[in-house]
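Tertiary structure, described
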Amino acid sequence: MALQECGLNLDKASKELQPHGTLDFPCAGYSSFHTDSPKDLIPWHWHEELEIVYMESGQMKVKIPSKSFLLEQGDCVVINSNVLHYGAAVGECALRSLVFSPALITGMQDFVFTKKYMQPLITCSRFDGYSIKSVDNEDAAQWFNRAFDALAEDCYGYEFIVREMLSRICLFLCKELNPQAKAQAVSLNQDSIRIRKMLAFVHKNFAYDISLAEIAGAADISERECLRCFQKTIQFSPIQYLLKYRIMQGAEMLHGNPADSVSEIAALCGFDSPSNFAKLFKRFYNCTPREYRSHNTKEKQ
């Protein structure tokens with residue numbers, strides 16, 4: 001199985017829609033290069049699969065609600081199922097990632113692999129993300145790269161190699177986290193549930209004049225609690241996130257809708273004036289909307 005093309009396709013609730021792997025082998029590999037340019041960041045998103053990210057070179061800051069990791073060359077981070085996460089390069093970096101369903105490891109739901117190991121792990125309240133530093137554990141990086149290389153090279157029997165190496169990493173996590181022996185359905189913590197609802201509201205309504213009260217209302221909480229929840233989970237205020245999301249959507253429109261004027265795109269993104277859109281756009285992308293469009297048009301040619 002070759003590597004899949006790296007690119008996020010998110011719904012309004014930030015859930016990734018792209019299938020990872022196939023029904024009979026639910027695992028996909030990705031290789032990507034990132035700079036500290038805003039267009040190269042990995043936006044907040046989540047998926048039902050687990051994800052392991054390995055740093056080939058450089059540094060990247062990976063965030064999950066209430067926690068962040070600085071990954072350096074040789075480090076790994078494991079993101080649990082259904083956990084929001086975000087990544088931004090520190091300078092430049094190259095990474096590899098494997099996104100896989102727990103079912104790849106467990107097989108049937110009644111198997112011991114599910115009941116004794118994977119179900120307790122993915123429902124462990126202490127496991128949202130786990131960083132594995134290369135100076136502390138070289139084995140995890142070696143296991144990851146053996147799995148990744150087998151998948152990328154599409155060698156005979158790669159499925160066995162990938163499953164074995166990912167199983168070793170999952171067993172390592174079980175030993176480190178020591179989840180309860182019996183699987184218990186632990187729901188997402190309250191802040192994670194709330195932030196998902198509020199992000200979904202922002203993504204659906206960013207083009208309109210929405211208020212802090214309306215964002216808070218999407219999660220049935222007060223404005224004060226909304227501010228606390230945003231700051232604790234993603235370290236942005238609701239309005240800062242709204243403006244950033246509008247600018248990023250504007251960048252996509254500038255790139256994908258060449259027939260639309262800057263004024264039209266500004267209005268479509270919820271800005272009351274093209275000048276306000278241009279001012280914030282330059283602050284975020286370090287160039288004007290027209291310069292951004294011109295640069296990306298030349299890259300496509």
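Relevant structure appears above.
This one's a predicted model, so the numbers in the text were calculated from it and none came from an experiment.

**Observations regarding the packing of helix α8 (residues 238–256) against helix α10 (residues 274–285)**
Relative to each other, α8 and α10 sit at 90 degrees, their axes nearing to 10 Å. Between α8 and α10, the angle is such that the two are roughly perpendicular. Side by side, α8 and α10 meet where L243, K244, I247, M248, G250, A251 and L254 of the first sit next to F277, L280, F281, F284 and Y285 of the second.

**Some words on the pairing of strand β6 (residues 85–100)**
In terms of residue burial, β6 counts as a mostly covered element, since 12 of its 16 residues are buried. Inspection of the sheet shows strand β1 (residues 27–35) paired to β6 by nine bridges, in the antiparallel sense. Bridge assignment links S31 to a residue of β6, and that residue is R96. Sheet analysis places strand β2 (residues 42–45) next to β6, joined by two bridges and oriented antiparallel.

**Considerations on the packing of helix α3 (residues 138–153) against helix α4 (residues 158–177)**
Contact geometry for α3 and α4: axes closest at 8 Å, N-to-C directions at 155 degrees. Here α3 is positioned roughly antiparallel relative to α4, judged by the angle of their axes. Regarding α3 and α4, the two cross each other, and that crossing is left-handed. When α3 is examined against α4, the residues A140, W143, F144, R146, A147, A150 and L151 are found in contact with a partner set consisting of Y158, I161, V162, M165, R168, I169 and F172.

**Examining the pattern of salt bridges**
Taken as a whole, this structure holds 10 salt bridges when the rule is applied. Between E56 and R96 there is a salt bridge, with the nearest N and O atoms lying 3.5 Å from each other. Of this pair, E56 sits in strand β3 (residues 50–64) while R96 sits in strand β6, and the two are 40 residues apart along the sequence. Residue E56 is classed as partly exposed on the basis of its relative accessible area, which comes to 32%. Note that R168 is salt-bridged to E164, the shortest N-O span being 2.8 Å. Of the two residues, R168 and E164 are both situated in helix α4; the distance of four residues between them amounts to about one turn of the helix. Look at E164 and you get partly exposed, because its relative accessible area is 37%. The network of salt bridges with shared partners includes D191, R194, E225, R228 and K232.

Calculation notes
- Residues numbered from 1 in each chain as written.
- Predicted model: local features only at pLDDT ≥ 70, side-chain atom pairs only at ≥ 80, totals over all residues.
- Heavy atoms only, no water.
- Axes fitted to C-alpha atoms, helices over the stretch in contact; angles between N-to-C directions.
- Helix = DSSP H or I, 4+ residues; strand = E, 2+ residues; numbered from the N terminus.
- Parallel < 35°, antiparallel > 145°, perpendicular 65-115°, else oblique.
- Contact = heavy atoms within 4.5 Å.
- Buried < 20%, exposed > 50% of the residue type's maximum accessible area, 1.4 Å probe, protein only.
- Pairing = 2+ DSSP bridges.
- Left-handed = near helix turned anticlockwise from the far one by under 90°.
- Salt bridge = Lys/Arg side-chain N within 4 Å of Asp/Glu carboxyl O.

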